[in-house]
Amino acid sequence: MDRHAKGYLYAVLSTLLLPTGYIINTIVFSTISPVTAALYMFSFSLVMAFAIVFFTGRLGKFRKGLGKFWKQMLLIGILTDIAALAWYVSLSMTGPSVLGFLTRFVTVFTVIFSVVFLREKFSKYETTGIITVIAGAFIISYQGGQLAVGALLALVSSLAFSYMQLKIKTYIKYI
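Starting from 1, residues in each chain are numbered consecutively following that chain's sequence as written. Restriction of local features to residues with pLDDT of at least 70 applies here, the model being predicted, together with a cutoff of 80 or more for giving and counting side-chain atom pairs; totals for whole chains, interfaces and linings are based on all residues. Note that the side-chain values use all heavy atoms of the structure and ignore hydrogens as well as water.

**Student:** What is the right way to read the confidence of the model for the protein from this model?
**Tutor:** When pLDDT is low, close inspection of the predicted coordinates is not appropriate. Per-residue confidence from the predictor is reported as pLDDT, a score between 0 and 100. In the predicted model, the protein carries a mean pLDDT of 84, and 96% of its residues have values of at least 70. Taken element by element, the protein is modelled with least confidence in strand E2 (residues 146–147), mean pLDDT 57, and with most confidence in helix H4 (residues 70–94), mean pLDDT 89. What counts as a helix is a DSSP run of H or I of at least four residues, what counts as a strand is a run of E of at least two, and both are numbered from the N terminus.

**Student:** What am I meant to see in a nonpolar patch on the surface here?
**Tutor:** Each patch groups residues whose relative accessible area exceeds 30% and which form no salt bridge, using 9 Å between like charges and 5 Å between nonpolar side chains of Val, Leu, Ile, Met, Phe, Trp and Tyr. Here, Shrake-Rupley sampling with a 1.4 Å probe gives the accessible areas, and only protein chains in the shown set may cover a residue. The salt bridge criterion pairs a side-chain nitrogen of Lys or Arg with a carboxyl oxygen of Asp or Glu, the two atoms within 4 Å. Nonpolar side chains collect at one region of the surface, where Met1, Leu9, Tyr10, Val12, Leu13, Leu16 and Leu17 lie side by side and expose about 770 Å² of accessible area between them. If you trace the backbone, Leu13 turns up in helix H1 (residues 3–28). Note on Leu13: relative accessible area 39%, which makes it partly exposed. Three labels apply to residues, based on accessible area from a 1.4 Å probe with only protein chains included: buried if under 20% of the type maximum, exposed if over 50%, partly exposed otherwise in between.

**Student:** When you look at the nonpolar core in this model, what are you seeing that I'm missing?
**Tutor:** Nonpolar side chains tend to gather and get buried jointly when the protein is soluble and globular. Membership of the largest hydrophobic core comes to 21 residues, with the highest contact counts inside it found for Trp87, Tyr88, Leu91, Leu99, Leu102 and Phe105. Breaking this core down by element, the ones donating at least two residues are helix H2 (34–55), H4, helix H5 (96–102), helix H6 (105–118), helix H7 (124–141) and helix H8 (149–174). The leading source of residues in this core is H6, at five residues. It only takes one pair of heavy atoms within 4.5 Å for two residues to be counted as in contact. Apart from residues lying up to four places away in sequence, Trp87 is in contact with Gly21, Tyr22, Asn25, Leu99, Thr103 and Ser157. Side-chain atoms within 4.5 Å are what join buried Ala, Val, Leu, Ile, Met, Phe, Trp, Tyr and Cys residues into a set we call a nonpolar core.

**Student:** What exactly am I supposed to notice about the packing of H6 against H7 here?
**Tutor:** The packing of two helices is summarised by the inter-axis angle and the distance between the axes. Axes here refer to lines fitted to C-alpha atoms; in helices the fit is confined to the stretch in contact. Angles between the N-to-C directions go from 0 to 180 degrees. Packing of H6 against H7 brings their axes to within 10 Å, and their N-to-C directions diverge by 135 degrees. On the basis of the axis angle, H6 is oblique to H7. Every pair of crossing elements has a handedness; the one defined by H6 and H7 is left-handed. For the pair H6 and H7, contact is made by Phe105, Val108, Val111 and Ile112 and by Glu126, Ile130, Val133, Ile134 and Ala137, respectively. Three classes are used, and their members are as follows: Ala, Val, Leu, Ile, Met, Phe, Trp, Tyr, Cys and Pro are nonpolar, Asp, Glu, Lys and Arg are charged, and the others, Gly among them, are polar. Across the contact of H6 with H7, the residue classes tally to eight nonpolar, no polar and one charged. Roughly parallel here means an angle under 35 degrees, roughly antiparallel means over 145, roughly perpendicular means 65 to 115, and every remaining angle is called oblique. Crossing handedness follows the turn of the near helix against the far one: under a right angle anticlockwise gives a left-handed crossing, and clockwise gives a right-handed one.

**Student:** Please explain the packing of aromatic side chains as it appears in this structure.
**Tutor:** Note on aromatic pairs: each is described by the distance of the centres and the angle between the planes. The pairing test for Phe, Tyr and Trp rings, Trp by its six-membered ring, is centres within 6.5 Å, and the orientation test on the planes gives stacked under 30 degrees, edge-to-face over 60, and tilted for anything in between. According to the stated counting rule, one finds seven aromatic pairs in the structure shown. Geometrically, the ring pair formed by Phe54 and Phe55 is edge-to-face, given 5.2 Å between the ring centres and 80 degrees between the ring planes. Phe55 shares its class with Phe54; the two are exposed. Put simply, the rings of Phe29, Trp87 and Tyr88 touch in pairs and so form one group of aromatic residues.

Have a look at this one:
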């Protein structure tokens, strides 16, 4: 399978699997706050990541990498925190369907960052898609002359996540 076909396959799988996170978290919010849900999820993820590193025998490599690239990891962690907390709070304010649409801004921001910082090419189809997404976001989030706070948080989450992806892309080249 060539790179483009794999890319399309991953995009389709992502589109099919992503909504489960929105729906499950919306159900969870009926019993706990968004910040508490984020704390539980990230605590569980941290414990599982350390368990995987430990049981696969890569603790030494992890320590070496952490010592050498701690600044890069700190920035990625801060961006992840901003993106995740904004996502959780926005989900509790806007609901899964609106947030699901607004988080597609990750793609918009990623394309813009790629053009500006990585000098990638920009096509007319990408321009049309970006304009359509922006217009849809304003239509969905317009409430009596102002943008909803939840919609703004969704955009903050998308921006932080997109910038994190850009930094990861540049760090991978560097590392």
